[in-house]
Amino acid sequence: MYNFFLKIHYFFKRKKIAGFSLLVVLAAVLVFFASKIKLEEDITQLIPSGESNNVLRRVLDETQFSDKIIVTISASSEETHPDRLTRYAEEFIDSINAELPQYIEEIEGELPEEGVLEVYDFVYDHLPLFLNSEDYQEIGSRITEDSIGWYLRKDYRNLISPTGLVTKEFIFKDPLSVTNLGLNKLRELQVGNEYELYNNFLLTKDRQHLLLFLSPTLPASETSRNKIFINKLKEIQSSLDKKYEEVEGDIFGGVLYSLANANRIKADIWITVSIAVALLLLLLIFFYRRITAPIIIFLPSMLGALVAVVFLYFFKGTISTVSLGIGALLLGISLDYALHTLTHYRNNKNISQLYKDVTRPVLMSSLTTSVAFLCLLFVDSQALHDLGIFGAISFVATSIFALIFVPLLYKLPVSLDKEKPRLLDWIASVDLHKKTGLVITTVFLFLFGLLFFTGVDFNSELSRLSYEPDEVQNAEGKILEIAGRSGETIFLVSYGSNVDEALLHNYNLYSRLQEMQEEGKIENFSSIGGVVLSTNTQTAKISNWDEFWNGGKKEQLKQDLIEQSEDFGFKEESFNTFYRQLEKDFNPILLDDYRNTANLYLNDFISVSPDFATVTTTVNLPEGSSLNFSEELEDIEGIVVVDKNEISQAFLGNLKNEFNQLIGISIFAVFLVLLLFYKNLELSILTILPVAITWVISLGIMSVLGIEFNILNIIISTFIFGLGLDYSIFITNGALKEYEEGRPALKTYRTSILISVLTTLMGIGALVFAKHPALRSVSVVSAIGVLTAVFVAFVFQAFIFDFLFHRRAKKGLAPFRLRNLVSNPEKKVSFKNQLYFKKLVLDNYRFKSVYGLMRKTFSEERERFLRISGFIEDKENLAIYNSGYGMLAIYLSYKHPENRITGFETEESKLRISKNAFRNGHELLSFTDEISALKDAQIYIIERYATDIFEKELKEMISKSARKVIILDPEYSYRWILDLNFEITYRQNNIIELSKLS
C-alpha cells in the first residue's frame, strides 16, 4: 500500500510545476463548488426525528411563540398619571412607524373606538356561534315577564343618562343584552383579568403599566439584521425615557435572547480562537522549526473539509450549519494525520521509511474514524446525517492529502544530522508503561469508572445551553411580575391537516380546559375555543339556537316586549332590529370572516399553511402545580404540549440511549475495520480495548464531578472516540514495530500523539475561557476525554503490549494468543505439527508485517525444510548464508536443538526481523551481518544468491571447515564448490547437497 504513495511522491517530486499547479487547481475547484452549497440554519434539524417529534417540530415551525416583542411602559411612582403612559405609547408607536416600518409587521395593544363597535357588530351578526348551554339557560331566565321588565327599566335609565347617546344603538339592537353573553367569550382570549382599556390602550388594573406587542417581520434567527433593529428600538426607548422622566420603557422578547446568544458566541469564539491560534502557531513553529509548519499541517484538513462539502453539494445540495459548525470543530481529529506524517518525516528523514511507517496507521485511523461517523446515520436526525457524511469523507480525504502533500511541502534541513531533541521528544522518550505506579493508577481509575460511569445524567433542558444575560432576565422578570404570574405558563397547540380539523381539536381541548378550571387544576386560560369554531361545531351551535327558539318563544318574547316597553315610552317598532335578529337564518362562517375583524387579533392564535394548521391555547397553572398535561390530555386527538421541559424531553429525552446504542454500533463497525486491516483478532481487541477503557474512565470522572451530558457535548463525545481510536491505532502500530524489529519506535509515535493532544487542548480546551454555557460544556468534556485517552494509550495499552509480547519474547516464549486461554497449546498437537514445528516456527512471525508471507513460505517450503533436516547430524555447527527472515534457521533450531546455527543476512530489514524472533533467545541460534561469524561450521546452507561481495570469504570458510554444502537456490552457480573436492550427493526438489570427498 505504501508503494502507491511513494510512487506519487516521486512523480510530483520530478514534476514540481505540475504538482503545484494541480494543488492550486484542485483548491480552486473545491472552493468554487463548496461556495455554491445552500446552508440550512434550522437548529431543530439536530433533534432526532420520529413521528411525534416531526409533529412537534412542525408545530414549532408554524407557531412562532418567541418572535413577538413585548414593550412595557411603566410609571416610576404611583403618582404618575396614566395619561403619561399613553402619551409615551403614542409617541413610541409613531416613532416606530416613521423609523422602523420595514422591521414591524403589526403593533398590538392599542384598540381604537371604532374597533370596539366592529367587534360588537361581529358578535351580534353571528351570535349563535358565541353561545353555549349555560348562556341559553341565562337567556331563558331573561325572557320571563319579570326579567323583561327589569331590562327595559335599565335600558330606559341608560337612554336618559348622559351616556345615552353612546348606548342608544346597542339598546335598540339588543334590549335584553343577549349579545353581551357572546362578548364574554372574547374575554377568554386573554389570560387572567389583570388588564383594562384606558384611552384605547391596554393597562394593568392599577394603571401603572402599559403593554404593547410588536410583531417583527424578521424571525429571531436573523441575528445580524435584528441587531440593527433592536439597537434602533432601544434608541427610541432611551429617547422617550429622557423625555418622560416619570415613565420607564423596557423591551423583552425571544429575539433578545437570540441576539445575546449570538453576540456571546461570536465574542467567545473570537477570544478562544485567537488564543488557540496564537498558541498553536507558537507550538508548531517552535517544535518543527519551520514558519510554514502550520500551513503544511492545516492544508490537508482544509482540503478534506472542502471535499466533504463538495460531495454534499453534488449529492444533496444543502448542509446544516449546525453540522458544519460541529464538523469544523471536529476537524481537530484530522490534524492528527498531518502531525503524524510530519513528525515521522522529521525524525527519520527517509521518505521510503516514512511511508512504510505511517501509511497503514494513518489510513486505518481515518477509515475507522470515518466508519464511526457514518454510524451517525443510524440516528434519525438530518443534521447528524450531514455531520456523519461530512466527517467520514473529510477524514478519509484529509489522510490521503496528508500522505501526499506533507512530505512534498516539508523541506528537510540541509544537514541530515539528528536534530536536537525538544521537550516533547524528551517526554515521549519516557516509557510510562514501565512505571508500576502509573499502571496501578490506570487499573484503579478503570475500576473507579466501572462503579460510577452509569451515573452521568443527560440534561435535556435546552434552556441550560442558552446564555441569559442579567439585562434580559430582568426584563423577563418584569413582564412576569406585571402579568402577576407566580405559576408556570404553558402552551397547548391543536393541529390538523387543515384549519377545520385543527379548530375541531381545539374545541375539544377548550371544553376540557373549562372542566379543569372548574376543578381548580388550572388558574385560567386563553383560547379561541369559544370564538373560532369548526364548521361542524358552528352548525351544531346554530341548530341549538333554532331549537331554543322553537315553540313560539320568539312570538311570545316579541309580544311581551311590545306590551311592557309601552310603559317606558318605547314605540312598537323600537326593537325591530332585535326582532329581525330573532328571525334571521344564521349560517356557518369561514376563517377569513373571523380574520376580517382585525381587532380580534386571531393571527396570534391561528396559523395556516397549505397542508397544516395550528391553533394555540395559553394556560396558567397555579403556583407549585405539578400537573402533567401530556397525561391529562392524552385522550384528546391532535394536541401538542409546548412546554420547555416537555419539548426538551420529547426531543432529547431518548438521545442518551440512542447515543449509547450508537457507541455500541460504532465500536462493532470499527472493530470490523480493524479486523480487515490487522487480519488478527488479538490485535483488533487490544486496539479497541483502550477506547472502551477511556470511555468508562471519562464517564466515571464526569459522574463524580457532576458534569452532565447535553445535546452538544454528547455529539462531541464522537470526537473523543475518534481521537482515542487514533491514539490507540498509533500505539498499536508503534508497539508492533518494536516487537518486529527490536528497536525503539514508540517514541516517534508518542511525540506525534503529544502534539495532537496539545493542539486539541489548545483548540477546544481554549473554550474553557468562553462564557457561553454550551461552549464551556464542550471544552470540559473534551479535556477530560483527550487527557484520559492519551493516559490510557501511553500507560495501559503500552503495558499490555509489553506484557503480552515483549516480555514473553525475552523469555523465549511465543506471543499471547486468545486460543491459549481456552486450550492448552501443549496438548492436541497434530503429527504434522510435531514433524514440521509449524506452530512454533510461525509464532516467531505472528503479529508481524511478514506473517502472511512467512505462512505462505512455510506451506511451500516445509517439505524441503524436512528433507534438509535429514542431511544434518546432531551437534554439528550450521551456517546459513543469506538467511532472509530466518525461517529455515529457526526451523532447524527446533529440529536440532543441540546444533549451533548461525544465520547471515546483509539486508537490514530482514536481519532485524530474524534477530527479533523470540527463538533467537536460544543460546545456540544467532543471526548476524558479519560474515566471519560463519567460520568453523561443518554444514553451510546457501539459501539464496544475493551478492558476490562475500564470495571470497565464503569460499575460504567452506574450504577450511565444511563437511557438507546445501544449495537451495537453483540459479546459484556451484562449480567452484566442486572444485574444492566436493561431490553432488543429492539433487532433487531444488535441493543440491554437496559432500566433501574423504
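Definitions and limits used
Residues numbered from 1 in each chain as written. Predicted model: local features only at pLDDT ≥ 70, side-chain atom pairs only at ≥ 80, totals over all residues. Heavy atoms only, no water. Helix = DSSP H or I, 4+ residues; strand = E, 2+ residues; numbered from the N terminus. Contact = heavy atoms within 4.5 Å. Areas by Shrake-Rupley, 256 points an atom, 1.4 Å probe, with all protein chains shown as cover. Patch = residues over 30% accessible without salt bridge, like charges linked within 9 Å, V, L, I, M, F, W, Y side chains within 5 Å. Salt bridge = Lys/Arg side-chain N within 4 Å of Asp/Glu carboxyl O. Lys, Arg positive; Asp, Glu negative; His and termini not counted. Charge placed at Lys NZ, Arg CZ, Asp CG, Glu CD. Buried < 20%, exposed > 50% of the residue type's maximum accessible area, 1.4 Å probe, protein only. Phe/Tyr/Trp six-rings, centres within 6.5 Å; stacked < 30°, edge-to-face > 60°. Lys NZ or Arg CZ within 6 Å of the ring centre and 35° of its normal. Pairing = 2+ DSSP bridges. Core = buried A, V, L, I, M, F, W, Y, C linked by side-chain atoms within 4.5 Å. Axes fitted to C-alpha atoms, helices over the stretch in contact; angles between N-to-C directions. Parallel < 35°, antiparallel > 145°, perpendicular 65-115°, else oblique. Arc of directions from axis to C-beta. Left-handed = near helix turned anticlockwise from the far one by under 90°. Expected span 1.5 Å × (residues − 1).

Remarks on the overall build of the chain
Scanning the chain for helices and strands turns up 39 helices and 20 strands. The contacts of the chain with a sequence gap of at least 6 include a subset with a gap of at least 24, amounting to 79%. For the chain, the exposed area adds up to about 46,100 Å²; of that, 55% sits on carbon and sulfur atoms.

Here we look at a negative patch on the surface
Together, Glu145, Asp146, Glu563, Glu566, Asp567, Glu572 and Glu573 make up a region of like negative charge exposed at the surface. Among the secondary structure elements, Glu563 is positioned in helix α22 (residues 553-565). Accessibility expressed as a relative area gives 47% for Glu563, which makes it partly exposed.

Overview of the packing of aromatic side chains
Here the structure, examined in full by the defined rule, presents 44 aromatic pairs. With 6.4 Å between their ring centres and 70° between their planes, Phe837 and Tyr891 make a pair best called edge-to-face. Linking Phe837 in the loop between α33 (831-836) and α34 (838-843) with Tyr891 in helix α36 (residues 887-895), this pair joins segments that are 54 residues apart in sequence. Note on accessibility: Phe837 and Tyr891 belong to one class, buried. Linked through ring pairs, Tyr136, Trp545, Phe548, Trp549 and Phe586 together constitute an aromatic cluster. Taking NZ or CZ as reference, Lys553 lies 4.1 Å from the ring centre of Phe548, over its face. Positioned over the ring face of Tyr739 is Lys848, at 5.0 Å from the centre of the ring.

A word on the pairing of strand β20 (residues 991-996)
With five of six residues buried, β20 lies mostly within the body of the structure. Here strand β18 (residues 964-967) runs beside β20; their pairing, made up of four bridges, is antiparallel. Directly across from Lys964, in β20, lies its bridge partner Ser995. Two strands pair when backbone bridges link them, and strand β19 (residues 982-988) and β20 are joined in this way by six bridges, in the antiparallel orientation. Residue pairing across strands places Phe982 opposite Lys996, the latter belonging to β20. As consecutive antiparallel partners, β19 and β20 are separated by two residues, and within that stretch Asn989 has a phi angle of approximately 55°, a positive value.

Focus on the nonpolar core
Within the largest apolar cluster, 84 residues are counted, with the highest numbers of intra-cluster contacts made by Tyr288, Ile297, Met702, Tyr727 and Ile753. Per element, the largest residue contribution to this core is eleven residues, and it comes from helix α16 (residues 382-409). Discounting chain neighbours no more than four positions away, the residues touching Ile297 are Leu284, Tyr288, Leu335, Ala338, Leu339 and Leu342. In terms of nonpolar packing, the next biggest core, distinct from the first, is built from 69 residues, Ala809, Leu842, Phe858 and Phe918 among them.

Observations concerning the packing of helix α15 (residues 351-374) against α16
For the pair α15 and α16, the least separation of the axes is 8 Å and the interaxial angle reads 175°. By the angle between their directions, the pair α15 and α16 is classed as roughly antiparallel.

Quick notes on the environment of Lys349
Summarising the element assignment, Lys349 is placed in the loop between α14 (335-348) and α15. Its relative accessible area of 14% is what places Lys349 among the buried residues. For the pair Lys349 and Leu412, spaced 63 residues apart in the sequence, the C-alpha separation amounts to 7.2 Å.

A short note on the pattern of salt bridges
A complete count under the given rule lists 26 salt bridges for this structure. A salt bridge links Lys521 to Glu519, with the nearest nitrogen and oxygen atoms 3.5 Å apart. For Lys521, a relative accessible area of 31% translates into the label partly exposed. Across the pair Arg975 and Asp979 runs a salt bridge whose closest N-O atoms are separated by 3.9 Å. The residues Arg975 and Asp979 share a single accessibility class, namely exposed. Taken together, the shared-partner salt bridges in this structure form one network comprising Asp357, Lys737, Glu741, Arg743, Glu908 and Arg912.

Quick word on helix α38 (residues 951-961)
When we look at burial in α38, the residues that qualify are Glu951, Leu954, Met957 and Ile958. Viewed along the axis of α38, the buried residues span an arc of 130°, placing them on a single side of the element. Within α38, the exposed residues directed more than 90 degrees away from the buried face are Lys952 and Lys960. On its buried face, α38 is in contact with β14 (878-881), β17 (939-942), β18, α39 (975-978) and β19.

Focus on the packing of helix α7 (residues 145-160) against α22
Axis separation between α7 and α22 bottoms out at 10 Å; the angle between their running directions is 50°. Considered as vectors, α7 and α22 are oriented oblique to each other. The interaxial crossing formed by α7 with α22 has right-handed handedness. Residues Glu145, Ile148, Gly149 and Leu152 of α7 touch α22, and the partners they reach there are Leu557, Asp560, Leu561, Gln564 and Ser565.

Quick notes on the sheet that holds β18
Within a beta sheet, neighbouring strands are joined by backbone hydrogen bonds and run either parallel or antiparallel to one another. The mixed open sheet is built from seven strands, whose spatial order is β16-β15-β14-β17-β18-β20-β19. Two strands in the sheet have a free side with no partner beyond their single neighbour: β16 (925-928) and β19. Strand-to-strand twist in this sheet, taken as the mean axis angle between neighbours without regard to direction, amounts to 15°. Pairing of β17 with β18 involves four bridges; the strand directions are parallel.

Some details on unusual backbone geometry
With phi around 65°, Lys875 is a residue other than glycine that occupies positive phi space. Looking at the element boundaries, Lys875 is found in the loop between α35 (851-870) and β14. The exposure class assigned to Lys875 is exposed, which follows from its relative accessible area of 61%. Residue Asp936 is not a glycine yet carries a positive backbone phi of 70°. You can see Asp936 is positioned in the loop between β16 and β17.

So, the side chain of Asp174
Here Asp174 shows up in the loop between α8 (164-173) and α9 (178-183). With no salt bridge to any partner, buried Asp174 finds its closest opposite charge in Arg142, at an N-O distance of 6.5 Å. Apart from residues no more than four positions distant in its own chain, Asp174 is found in contact with Tyr120, Tyr124, Thr179, Asn180 and Phe578.

Let's talk about the side chain of His806
Mapped onto the elements, His806 comes out in helix α31 (residues 773-810). Residue His806 is classed as buried on the basis of its relative accessible area, which comes to 16%. Those residues in contact with His806, other than ones at most four positions away along the chain, are Ala735, Glu738, Tyr739 and Phe801.

Quick notes on helix α4 (residues 82-99)
The end-to-end C-alpha distance of α4, which contains 18 residues, comes to 26 Å, matching closely the 26 Å that a straight helix rising 1.5 Å per residue would cover. Where α4 is concerned, the buried positions are Pro82, Leu85, Thr86, Tyr88, Ala89, Phe92, Ile93, Ser95 and Ile96.

Description of a nonpolar patch on the surface
A cluster of nonpolar side chains, contributed by Leu451, Phe452, Val704 and Leu705, occupies part of the molecular surface with about 420 Å² of accessible area. Secondary-structure elements contributing two or more residues to the nonpolar patch are α18 (436-452) and α28 (681-705). Position of Phe452 relative to the elements: it lies in helix α18.

In short, geometric facts, not functional conclusions.
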